[in-house]
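Spelled out, the chains give:
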Amino acid sequence: MTAPRGLDLDRLRACLDRVRPGLVTGPLTGELIQGGKSNLTYRVGDGATTWVVRRPPLGHVLRTAHDMSREFRVISALGETRVPVPAAIAFCEPETEDEAPFYVMQDVPGTIYRTAAQAAALGEQRAHALAFALVDVLADLHTVDPAGVGLRDFGRPEGYLQRQVRRWKQQLDASRSRELPGVDDLFDRLSARIPAESGAAIVHGDFRLDNVIVNGQDQIVAVLDWEMATLGDPLADLGLSLAYWDLWLRPTGLFGEAAPEGALPTSADLAARYAKRRPFAESLDWYLAFAYFKIAVILEGIHFRHLAGQTVGTGFDQVGAMVPHLVAAGLRQMREA
């Protein structure tokens with residue numbers, strides 16, 4: 001069987017034999033897991049057991065993004081907490097400049113709901129319960145003591161918001177391939193009104209329903225895609241999650257088919273649920289505007305790689321069209337603020 005693009009089965013086998021001798025008992029095969037638009041994810045197996053491999057995207061990779069070692073470290077640290085994560089199995093460093101780092105983790109069975117319509121198909125009661133469970137997991141993450149799980153030095157909470165705004169502007173500049181009206185105005189408005197930070201916590205950085213695995217009892221059994229995790233303001237994490245949720249609910253086609261009206265709770269409902277678990281008094285307006293900016297920059301980077309022929313999988317041809325809508329949403333949010 002030919003390995004999918006970006007997956008070197010010989011190198012994977014050599015790494016696993018070195019790091020976890022005896023784990024692999026037969027020839028490895030692999031397949032790309034469709035759905036992600038950033039890091040590449042593969043399911044591999046030896047005929048008896050399957051695992052999941054994560055590596056950075058091909059080609060154009062933004063500085064500080066797609067850090068496999070951070071993903072591996074954080075899921076290793078959270079393994080004994082209330083936050084559900086796949087078991088970390090092995091991290092494989094590149095041996096040459098042409099190779100990419102990757103890591104291997106448990107293959108957790110379950111469902112990933114990639115559109116609001118898919119989640120709504122559960123029925124109103126189950127869909128609402130799942131949405132609230134998602135927020136509960138986020139609140140649980142934000143109450144984990146970083147020092148208690150070995151992540152005291154995982155980031156610098158002080159000045160986190162300022163660095164985030166500056167960092168995502170740098171990421172945007174590294175991926176510019178076209179004019180994006182309003183995006184520099186949005187950056188300027190965000191920079192001028194950065195709020196005082198609400199606190200410090202482990203933040204996921206890309207927390208949304210299609211980054212979790214749900215079992216047959218509608219329980220969230222694994223949180224995925226930790227590439228942007230760090231220590232920072234938990235309301236930035238909440239704002240991003242709510243922005244994604246809002247985009248899911250809108251019948252714009254930006255993030256797949258929307259759910260029927262009322263089939264899922266609103267983002268305000270989710271914010272209220274979070275506040276019951278982890279109270280806060282700050283306004284979320286700035287955090288939501290920043291979330292739209294961040295999502296826009298992430299998608300513009302994916303669009304850049306797609307134009308260069310460096311994406312693997314399907315659906316990338318639609319990503320670039322989403323970005324102007326996100327910039328406009330961020331500007332609307334700043335005006336409301």
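These figures come from a predicted structure and were not determined experimentally.

Here's the deal with the nonpolar core
The nonpolar side chains of a soluble globular protein tend to be buried, and buried together.
And then number 1: Counting residues in each nonpolar core, the largest one holds 96 residues, and the members touching the most others are W226 and F293.
And then number 2: No other element matches helix α9 (residues 285-307), which puts 14 residues into this core.
And then number 3: The contacts of F293, once residues within four sequence positions are left out, are V165, W168, K169, L172, V183, L186, F187 and L190.
And then number 4: In this structure, Y42, V44, A90 and F102 belong to the second largest nonpolar core, which totals 19 residues.

Concerning the state of the cysteines
And then number 1: The tally for this structure, following the rule as stated, stands at 1 disulfide.
And then number 2: Here C15 pairs with C92 through a disulfide, and the sulfurs are 1.8 Å apart. Residues C15 and C92 are joined through a disulfide that is left-handed, its torsion about the S-S bond being -90 degrees. Of this pair, C15 sits in helix α1 (residues 9-19) while C92 sits in strand β4 (residues 88-92), and the two are 77 residues apart along the sequence.
And then number 3: Given the relative accessible area of 2%, C15 is considered buried.
And then number 4: Take C92: its relative accessible area is 1%, and that puts it in the buried class.

Observations concerning the sheet that holds β4
And then number 1: Ordered by their spatial adjacency, 5 strands build an open sheet running β1-β2-β3-β5-β4, and the pairing between neighbours is antiparallel. What marks the edges here is a single partner per strand, and that holds for β1 (29-32) and β4. With direction set aside, neighbouring strand axes in the sheet form an average angle of 25 degrees.
And then number 2: Pairing analysis gives 4 bridges linking β4 to strand β5 (residues 102-106), with the strands arranged antiparallel. Counted as the bridge partner of A90 is V104 from β5.
And then number 3: Contacts between α1 and the sheet are confined to β1, β2 (40-45), β3 (50-55), β4 and β5, with β4 contributing the most and set at about 115 degrees to the helix.
And then number 4: Together, β3, β4 and β5 form the strand contacts of helix α2 (residues 68-77), whose direction differs from that of β4 by roughly 155 degrees.

Some thoughts on the side chain of R278
And then number 1: Locating R278 in the fold gives a position in the loop between α8 (267-277) and α9.
And then number 2: As a buried residue without a salt bridge, R278 has its nearest oppositely charged side chain in D233, at a separation of 6.5 Å.

Some points on the packing of helix α5 (residues 160-174) against helix α6 (residues 183-192)
And then number 1: Running from amino to carboxyl end, α5 crosses α6 at an angle of 165 degrees, the nearest separation of the two axes being 10 Å. Between α5 and α6, the angle falls in the class roughly antiparallel. Pair α5 / α6 crosses with left-handed handedness. Within the contact between the two elements, α5 uses V165, K169 and L172 and α6 uses V183, D184, F187 and S191.
And then number 2: Here the residues of the contact of α5 with α6 are counted per class, giving 4 nonpolar, 1 polar and 2 charged.

Cut-off values and rules
Residues numbered from 1 in each chain as written. Predicted model: local features only at pLDDT ≥ 70, side-chain atom pairs only at ≥ 80, totals over all residues. Heavy atoms only, no water. Core = buried A, V, L, I, M, F, W, Y, C linked by side-chain atoms within 4.5 Å. Buried < 20%, exposed > 50% of the residue type's maximum accessible area, 1.4 Å probe, protein only. Helix = DSSP H or I, 4+ residues; strand = E, 2+ residues; numbered from the N terminus. Contact = heavy atoms within 4.5 Å. Disulfide = S-S within 2.5 Å. Pairing = 2+ DSSP bridges. Axes fitted to C-alpha atoms, helices over the stretch in contact; angles between N-to-C directions. Lys, Arg positive; Asp, Glu negative; His and termini not counted. Salt bridge = Lys/Arg side-chain N within 4 Å of Asp/Glu carboxyl O. Parallel < 35°, antiparallel > 145°, perpendicular 65-115°, else oblique. Left-handed = near helix turned anticlockwise from the far one by under 90°. Nonpolar A, V, L, I, M, F, W, Y, C, P; charged D, E, K, R; others polar.

Geometric values such as these leave the question of function open.
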